[in-house]
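Here's the letter readout for the chains.
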Amino acid sequence: MQVRTHTPKLEALRRTNLELIAEHYPPQAVLAEPERAFHRLLGQYGVVAAGATRECLFQDETHPYLGVAMDRCIHCNRCVRICEELQGQFVWEVWNRGEDTRVAPGKGPTLLEGGCVSCGACVDSCPTGALFDKRGPEAIEYWTRTTCVYCGVGCQMDVSSRDGKVVAVRPANHPTNRGHLCVKGRYAFEFNHAPDRITTPMLRRNGEWQAVSWDDALDFIAGRLRDIVARDGPDAIGVLGSARASNEENYLAQKFARVVLGTNNVDCCARVCHTPSAKALKTMLGTGAATNCFDDIEHAHALLLCGVNPTENHPVVGARIKQAVLRGAKLVVVDPRCTELAQLADVHLAVKPGYNVPLFNALAATLIEEDLLDYAFLTERVSGFDDFAAFVAEYAPERVAGECGVAAADIRAAARIYATAKPAMCFHGLGMTEHLQGTEGVMTLINLALLSGNLGKPGAGINPLRGQNNVQGSAQMGCDPATLTGSQLIKDAGPRFEAAWGCKLPATHGMDLLQMIDAARDGNLKALWAFGYDVYLSLANEAASRTAMAKLDLVIVQDLFLNETACAFGTVFLPAASFFEKEGTFMNSDRRVQRIRAVVPPPSDAWPDWWIIQALAARLDHPQGFCFDNPRAIWDEVRTLWPDGAGLSYERIERESLHWPCPDEHHPGTPVLHRERFSAGKTAALACIDFVPTPETIDDDYPLLLTTGRTLYHFNAGTMSYRTPNAALRSSDTLDMSPGDAARLGLADGEPVHVHSRHGMTTLPLRITDVVRTGQLFASFHRPELFVNRLTSLVRDRQVHTPEYKVTAVWVERARSDG
Ligand SMILES: Nc1nc2c(c(=O)[nH]1)N[C@H]1C(S)=C(S)[C@@H](COP(=O)(O)OP(=O)(O)OC[C@H]3O[C@@H](n4cnc5c(=O)[nH]c(N)nc54)[C@H](O)[C@@H]3O)O[C@H]1N2
Ligand SMILES: Nc1nc2c(c(=O)[nH]1)N[C@H]1C(S)=C(S)[C@@H](COP(=O)(O)OP(=O)(O)OC[C@H]3O[C@@H](n4cnc5c(=O)[nH]c(N)nc54)[C@H](O)[C@@H]3O)O[C@H]1N2
Ligand code: SF4
Ligand code: SF4
Ligand SMILES: [Mo]
């Protein structure tokens, strides 16, 4: 077949169409921005715009990022379609017909009130500039490809700069994110040039921060560390790697702890987030990471979301899940709150916070009782079935539904969907892990996948949606007291690392972060080096963290900003370069290693974390093994020590989107784990997990159950997102309460309330919403001044010590004016 697209007849038709549009199009727009796609076409076809200034149905000055100039709208409907078909938000609608056709939001007077989540997709698709980015120059010639610094989705984006500053970001068409970004990746970059960015090293003298030279800062730290090692031994020092920094930097951080200091006391904030997932997956299946990849969302016939809120916390994945559901995939959501995806679900199990284990056991009991098992998979790949069946029979839905706060019929309906609409893919989040039984909760989830055969194939699996940009990588690089680079156990891989590093590894067991905090409280930990981790703000139970950290002799904080840890306890501050200012790699949630690239130079005296670690190693007379010229050289060392990463060279990841395991340069990568066998062996064993309720329970004095988590516009400690116009999109954390509870307590929407737990108190503005159930509350923890972790308890995961951020008993009262 021969297809001609530019015959004279077709060209004439095109010109006619353009002329019809141009008749009503403002000529000033073409003159002002000739490079817009539609304006270029007019020029190309020699068509002149001749419209009078048009009346607009829709005007909106309120959005911090999106501008509208609807006199330029040509009714192409691209914004309508992309908002529906990519983001799934249905903000734009077409009004009227013929001459009167107008495009405007249908659900509210402004974009934001009409449900806009500020992804920017409509702006990118608009050919005329009717929708435009309020910031950022138009004609940009040079873009640098890099990876988003916020969440673990790992979106690829192109960044442009002017005069040493980041000025615009656009989504890259790459397998990870397919040309889409969320508001944080797309718009929240101003933090990088915030006036209070710290750009020189500082020492605290007599309570005051004083700027010093790098030489003075490094000499001071080296001297203090030497003294502590001499007096108290290397295990009196702890190092915290950063889930925000690169793989290369985290590799060096743990190498520094083990080789230079001589301690295994190294951890990172995976500890407080998905270490329970990694532990459960590693124990049962053999690899502590997501089993499948994001591309499997389109292969899944059912999606099971457990304690995870992707439309806010992993928005690009959330949008993909939403599209899959709109196209007909079944959806089961297990979450105490009626999240956006719960509202779309076929079954929503609004489990009472803390009751995952009995609920997932009941789902397993249903699969067995209703004969919804995959017998071929069970026979070939699963062990321990008989014992498990006998154990789990105790958890019939009708027996546990009441205590879990859900209906038995809904448990049964959910089990049927998961086991029959196959393949079924599970995503889970912190609603599973941040509990007394976090690790065990994830194990009960893995049981379901084993029973139904939803493992080892596309469109299935157990997939933690990992938190920060590089939290998967920081732990994988060895920022973990018990494992070396590549999650290899010290006892197995130790000799290989000793040979490569040319020294003995520390003989003592390391402490994890929570053990370090306990040791500090008991006077046994003297120094802590935390880079890219606001540990004081983000740990549970502020009172306990304060008592412990106040006893430290030396606290080294290495960050972009004076975070709460630095303000309260810092002895030395080292200014780090941000991801916009350095080279390296991040590892995303579905096991992809992706490049970050420098877009702008670091401000004045800030340096990349890898440079700082090497400089300190040199001061401590340990230059050998810490004199890499660049991150690529560090990564090449990582590849020699981590067999599953050996094939991931910078050259390859430049061109390909590869999932580890990727053992050699010719290996295609592994998007789906456990295909023929589990990495742990031929079969995996079902786990019998008894329910152990948390001691953090409600009573007459503390009658409400608070759960904490995240919201779309802000990120964790808030250091970055609150230094961007996202602060206008959401100005504060809130205490979310059901209308019934608010009425009973006589509280009004927006008024400040005191929230008291057995552990502390804070004051938050009240938000009345039916997203939370009666008797339950929700708060995010993004605003440092509000310090939500004053409320949280000391309960920790029984296996890996992750704090129980998800369950706190509280009482609430109207804020007294005396504060
Ligand atoms: N916008 C934004 N995105 C982020 C972050 C951010 O701060 N802001 N942080 C990043 C990080 S570090 C992480 S780890 C991820 C976390 O991403 P998610 O895992 O989605 O995080 P959360 O909002 O903390 O909790 C998820 C859900 O768990 C539910 N939940 C609470 N208790 C229970 C329970 O007992 N059982 C069940 N089944 N569910 C429960 C909550 O209602 C909540 O909807 O997000 C990352 N992405
Ligand atoms: N109540 C409650 N508390 C929680 C949680 C919860 O659900 N509820 N969730 C927990 C979880 S899952 C997590 S992950 C933690 C997150 O807590 P944190 O890890 O403390 O929070 P982040 O905001 O991710 O960032 C840490 C710091 O990294 C800095 N930073 C960014 N990029 C770089 C870099 O390249 N180099 C350096 N040196 N610094 C950099 C930022 O400025 C910031 O100060 O919070 C935990 N706390
Ligand atoms: S920014 Fe995104 S959510 Fe908002 S209207 Fe445009 S496409 Fe829809
Ligand atoms: S989904 Fe995550 S990685 Fe992607 S742009 Fe948003 S914050 Fe960045
Ligand atoms: Mo996290």
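Keep in mind that what you see is a predicted model, and the values were worked out from it rather than measured. Along each chain, the written sequence defines residue order, and numbers are assigned to residues from 1. Written order determines the labels here, with chains lettered from A and ligands numbered from 1. The model is predicted, so local features are restricted to residues of pLDDT at least 70 and side-chain atom pairs to those at 80 or more, both for listing and for counting; the totals for chains, interfaces and linings are taken over all residues. By convention in this description, side-chain values take in all heavy atoms of the structure and omit both hydrogens and water.

Looking at the packing of helix α9 (residues 275–284) against helix α19 (residues 438–452)
What counts here: Axis definition: a line fit to C-alpha positions, over the contact stretch in the case of helices; interaxial angles, taken between N-to-C directions, run 0 to 180 degrees. Going along the chain from the N terminus, every DSSP run of H or I of four or more residues is numbered as a helix, and every run of E of two or more is numbered as a strand. Any angle from 65 to 115 degrees is called roughly perpendicular, while one under 35 is roughly parallel, one over 145 is roughly antiparallel, and all others are oblique. By definition, any crossing whose near helix is turned counterclockwise from its far helix by less than a right angle is left-handed, and any crossing with a clockwise turn is right-handed. Here a residue-residue contact requires only that any non-hydrogen atoms of the pair lie within 4.5 Å. Polarity classes work like this: nonpolar for Ala, Val, Leu, Ile, Met, Phe, Trp, Tyr, Cys and Pro, charged for Asp, Glu, Lys and Arg, and polar for all others, with Gly in that last group.
Between α9 and α19, the least distance of the axes is 8 Å, while the angle of their chain directions is 45°. When the interaxial angle is binned, α9 and α19 end up oblique. Crossing of α9 over α19 shows right-handed handedness. Across from P276, S277, K279, A280, L281, T283 and M284 in α9, the residues of α19 making contact are G438, T439, V442, M443, I446, N447 and L450. Split into classes, the residues belonging to the contact of α9 with α19 amount to 8 nonpolar, 5 polar and 1 charged.

Overview of the site of ligand 4
Operational definition: One heavy atom within 4 Å of a molecule or strand is enough for the residue carrying it to be called near that molecule or strand.
Taken together, C148, Y150, C151, V153, G154, C155, L181, C182, K184, G185, P315 and V316 are the residues near ligand 4. Of all the secondary structure elements, the ones that give two or more residues to the shell around ligand 4 are α6 (183–187) and α11 (315–326). The residue inventory of the shell around ligand 4, partitioned by class, reads 9 nonpolar, 2 polar and 1 charged.

Side note on the UniProt feature "domain: 4Fe-4S Mo/W bis-MGD-type" (unreviewed entry) in the protein chain
Let me state the cut-off plainly: UniProt positions are given in the numbering used here, feature names are shortened, and annotations may be inferred rather than shown by experiment.
In this structure's numbering, the residues bearing the UniProt feature "domain: 4Fe-4S Mo/W bis-MGD-type" (unreviewed entry) are residues 141–196. For residues 141–196, the helix share is 9%, the strand share is 32%, and the end-to-end C-alpha distance is 30 Å.

Focus: the domain arrangement of the protein chain
How big an interface is tends to be stated in terms of the accessible area lost upon association of its parts. Condition: Start and end positions for the domains come from either an automated domain assignment or a database one. Summed over both partners, the accessible surface that disappears when two parts come together, traced with a 1.4 Å probe, is what is meant by buried area.
Considered domain by domain, the protein chain is made up of domain 1 (1–52), domain 2 (53–193), domain 3 (202–273 + 470–655), domain 4 (279–464) and domain 5 (704–814). A straight line from the C-alpha centre of domain 2 to that of domain 4 covers 35 Å. Taken together, the contact pairs 19 residues of domain 2 with 15 residues of domain 4. For the pair domain 2 and domain 4, the two sides together bury roughly 1,200 Å², of which 56% comes from carbon and sulfur.

Topic: the packing of aromatic side chains
The condition is simple: The aromatic pairing rule takes the rings of Phe, Tyr and Trp, using the six-membered ring of Trp, and pairs them if the centres are within 6.5 Å, calling planes under 30 degrees apart stacked, those over 60 edge-to-face and the rest tilted. Residue burial is assigned from relative accessible area. The probe radius is 1.4 Å, only protein chains are included, and a residue is buried under 20% of its type maximum, exposed over 50%, and partly exposed in between. Criterion for a charge above a ring: Lys NZ or Arg CZ within 6 Å of the ring centre, and within 35 degrees of the ring normal.
Counted by the stated rule, this structure contains 23 aromatic pairs. With a centroid separation of 5.1 Å and an interplanar angle of 50°, the aromatic rings of Y355 and F691 are classed as tilted. With a gap of 336 residues between them, Y355 in the loop between β14 (347–349) and α13 (356–369) and F691 in the loop between β25 (684–685) and β26 (704–709) connect regions that are remote in the sequence. For the pair Y355 and F691, one class covers both residues: buried. Ring centres of F579 and F580 lie 4.1 Å apart, and the angle between their planes is 40°; on these two criteria the pair is classed as tilted. F580 sits in the buried class, given a relative accessible area of 2%. Among the aromatic side chains, those forming a connected cluster through ring pairs are Y150, F191, F579, F580, F586 and F715. Stacked on the ring of Y395, the Lys or Arg R399 has its end atom at 5.9 Å from the ring centre.

Here we look at the sheet that holds strand β30 (residues 776–780)
The line we're drawing: One bridge is not enough; two strands pair if DSSP finds at least two bridges between them.
Spatially, β26-β30-β27-β29-β28-β31 is the arrangement adopted by the 6 strands of the closed barrel, whose pairing is mixed. Strand-to-strand twist across the sheet, computed as the mean angle between neighbouring axes with direction ignored, equals 45°. Strand direction decides the pairing type here: strand β28 (residues 752–757) and strand β31 (residues 808–814), joined by 5 bridges, are antiparallel. Opposite H754, over in β31, you have E813 as the bridge partner.

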